[in-house]
Amino acid sequence: MHTSGSLRRGRRAAASPYRRWAALVLAALAGLGAAMLWAGQGEAQSTRTAAEGERALFPICKGPVRVTCVVDGDTIWYRGTKIRIADIDTPEVSQPGCPRERELGRRATERLRQLLNAGAFRLDIPPDGRSRDRFGRELRIVTRNGQSLGAVLVREGLATRWGGPRRAWCAA
């Protein structure tokens, strides 16, 4: 004779392998989904054509994985390579000297993202021939139709020419 308590235990025992299997499948799917989302942070598709130059979709960099994204107004990751835009200097976003510099740096970062995403571009070695900076980043001038995208940021007040007087971004 079964009591109601022993009948419940029996049903739980019979359902237990199914529940374990379902839990394992759900955990595996959740882990796979999380891994795919984590790997996708700061990553975008890019193409290279001989006629047009480089083309990619640049998000703002987030997370530890950086393949193709915008770090700040003068630094990008492209195809897994960190590149410093050689002809400009922009306000800092990681360690700004004041709130105004932080805001200008944020605007320069967003504007660079817009410019890069607007179409094909070229990555040219600077005229002085230096291909790397002291931090190991590749130095490149980003151009579209022969015009420097850095020069656009300079004209818009979001950057200064590299080698010119350093701008005091915190000054009013």
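Please read these numbers as outputs of a predicted model, since none were measured by experiment.

Tallying secondary structure elements over the protein chain gives three helices and ten strands in all. Ordering the α and β elements of the protein chain from the N terminus gives α-β-β-β-β-β-β-α-β-β-β-α-β. Put simply, the protein chain has 172 residues, and 34% of those count as buried. If you take every contact in the protein chain between residues at least 6 apart in sequence, the share linking residues at least 24 apart comes to 52%. Entry remark: accessible area of the protein chain is about 10,900 Å², with carbon and sulfur atoms responsible for 57%.

With 19 residues, helix α2 (residues 99–117) should cover 27 Å at 1.5 Å per step; its first-to-last C-alpha distance of 27 Å lies within 8% of that length. Taken residue by residue, α2 has Glu101, Leu104, Gly105, Ala108, Thr109, Leu112, Leu115 and Leu116 as its buried positions. Each buried residue of α2 lies within a common arc of 145° when the element is viewed along its axis, so the set occupies one face. In the core, the buried residues of α2 are packed alongside β2 (53–56), β3 (69–72), β4 (75–78), β5 (81–85), β8 (138–144) and α3 (149–155).

Here we take up the state of the cysteines. The tally for this structure, following the rule as stated, stands at two disulfides. The disulfide partner of cysteine 61 is cysteine 69, and the S-S distance across this bridge is 2.0 Å. Torsion about the S-S bond of the cysteine 61 and cysteine 69 cystine: about 90°, corresponding to right-handed handedness. Disulfide partner of cysteine 98: cysteine 170, at an S-S distance of 2.2 Å. Linking cysteine 98 and cysteine 170, the disulfide has an S-S dihedral of approximately -105° and is accordingly described as left-handed. Within this pair, whereas cysteine 98 is found in the loop between β6 (88–89) and α2, its partner cysteine 170 is found in the segment after β10 (160–161), the two being separated by 72 residues in sequence. The class for cysteine 98 is buried, based on a relative accessible area of 16%. Here cysteine 170 falls in the partly exposed class, since its relative accessible area comes to 38%.

So, how was this worked out
Residues numbered from 1 in each chain as written. Predicted model: local features only at pLDDT ≥ 70, side-chain atom pairs only at ≥ 80, totals over all residues. Heavy atoms only, no water. Helix = DSSP H or I, 4+ residues; strand = E, 2+ residues; numbered from the N terminus. Buried < 20%, exposed > 50% of the residue type's maximum accessible area, 1.4 Å probe, protein only. Contact = heavy atoms within 4.5 Å. Areas by Shrake-Rupley, 256 points an atom, 1.4 Å probe, with all protein chains shown as cover. Expected span 1.5 Å × (residues − 1). Arc of directions from axis to C-beta. Disulfide = S-S within 2.5 Å.

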